[in-house]
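# Coordinate inspection notes
In case you want the letters, here they are:
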Amino acid sequence: MLTLRALPPVIVLLAVLSGCVNSTGTCPKADTRDEERELRTVERLIRDTRTGMARGYREETTYGSGGGFVNFCLGGINSNVGVSVCGDPSRRKTAVPIDAAAEERKLAALEARRSALIAEMSAKSAACAPAGGI
């Protein structure tokens, strides 16, 4: 016979044991993190390619090759005295014309890769489907 004093440990024991049982009968979610990361990258590249094709050019970022400079800092009461050597941090975007045929081939390859990734992710998820009722 269970008394009120013995009831809390029994509840804790049942709660712990219920956490060990898989009540749905399915296996854990398939690990598709790598595919999801690659899919995001492929979709970004598809967007960039389509944008470039619509404009007729793509933008490339170039960094300034200007000379460096030296910055002398004289301190005050609450600041330090120092010397720093700095480079030219300037960045420029330049328009680069695109080859429409090459961009079409690149877009077709990216869309094929996206389809393959989606199929691979679906196959991983379907591989763990429940096989009949128990």
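Note: the structure precedes this text.
Attention here is on the structure that accompanies the text. (Residues numbered from 1 in each chain as written. Predicted model: local features only at pLDDT ≥ 70, side-chain atom pairs only at ≥ 80, totals over all residues. Heavy atoms only, no water.)

## Some details on the nonpolar core
Judged by nonpolar contacts, Leu39, Val42, Ile46, Leu107, Leu110, Leu117 and Met121 together constitute the single largest core of seven residues. Mapped onto this core, the elements with two or more residues apiece are helix H2 (33–55) and helix H3 (100–126). (Core = buried A, V, L, I, M, F, W, Y, C linked by side-chain atoms within 4.5 Å. Buried < 20%, exposed > 50% of the residue type's maximum accessible area, 1.4 Å probe, protein only. Helix = DSSP H or I, 4+ residues; strand = E, 2+ residues; numbered from the N terminus.)

## A few points about the packing of H2 against H3
At a closest axis distance of 9 Å, the pairing of H2 and H3 adopts a crossing angle of 155°. Considering the angle they form, H2 stands roughly antiparallel to H3. For the pair H2 and H3, the sense of crossing is left-handed. Its residues assigned to classes, the contact of H2 with H3 comprises ten nonpolar, one polar and 13 charged. (Axes fitted to C-alpha atoms, helices over the stretch in contact; angles between N-to-C directions. Parallel < 35°, antiparallel > 145°, perpendicular 65-115°, else oblique. Left-handed = near helix turned anticlockwise from the far one by under 90°. Nonpolar A, V, L, I, M, F, W, Y, C, P; charged D, E, K, R; others polar.)

## Observations concerning H3
With 27 residues, H3 extends 39 Å between its outermost C-alpha atoms, agreeing within 8% with the 39 Å of an ideal straight helix rising 1.5 Å per residue. Within H3, burial applies to Glu103, Leu107, Leu110, Leu117 and Met121. For H3, the elements touching its buried residues are H2 and strand S1 (57–63). (Expected span 1.5 Å × (residues − 1). Contact = heavy atoms within 4.5 Å.)

## With respect to the layout of surface pockets
The computed volume of the largest pocket comes to approximately 160 Å³. Every residue along the wall of the largest pocket is listed here: Leu45, Asp48, Thr49, Thr51, Gly52, Arg55, Arg58, Ile98, Glu103 and Lys106. Contributing elements (two or more residues each) for the lining of the largest pocket: H2 and H3. A total of six residues in the lining of the largest pocket trace back to one element, the largest contributor, which is H2. Partitioned by chemical class, the residues of the lining of the largest pocket number two nonpolar, three polar and five charged. (1 Å grid on protein atoms, 1.4 Å probe; cavity = no way out; pocket = protein on both sides within 12 Å on 5 of 7 lines; lining within 4 Å. Points joined across faces, edges and corners; volume = space filled by probe spheres on them.)

## Details of H2
Since the α-helix turns once every 3.6 residues, residues separated by three or four places project in the same direction. Helix length check: H2, at 23 residues, gives a terminal C-alpha distance of 33 Å against a target of 33 Å (1.5 Å per residue), a fit within 8%. Looking only at H2, the buried set comprises Glu35, Leu39, Val42, Ile46, Thr49 and Gly52. Looking at the buried residues of H2, the elements they touch are S1 and H3. At the exit of H2 stands Gly56, carrying a positive phi of roughly 95°.

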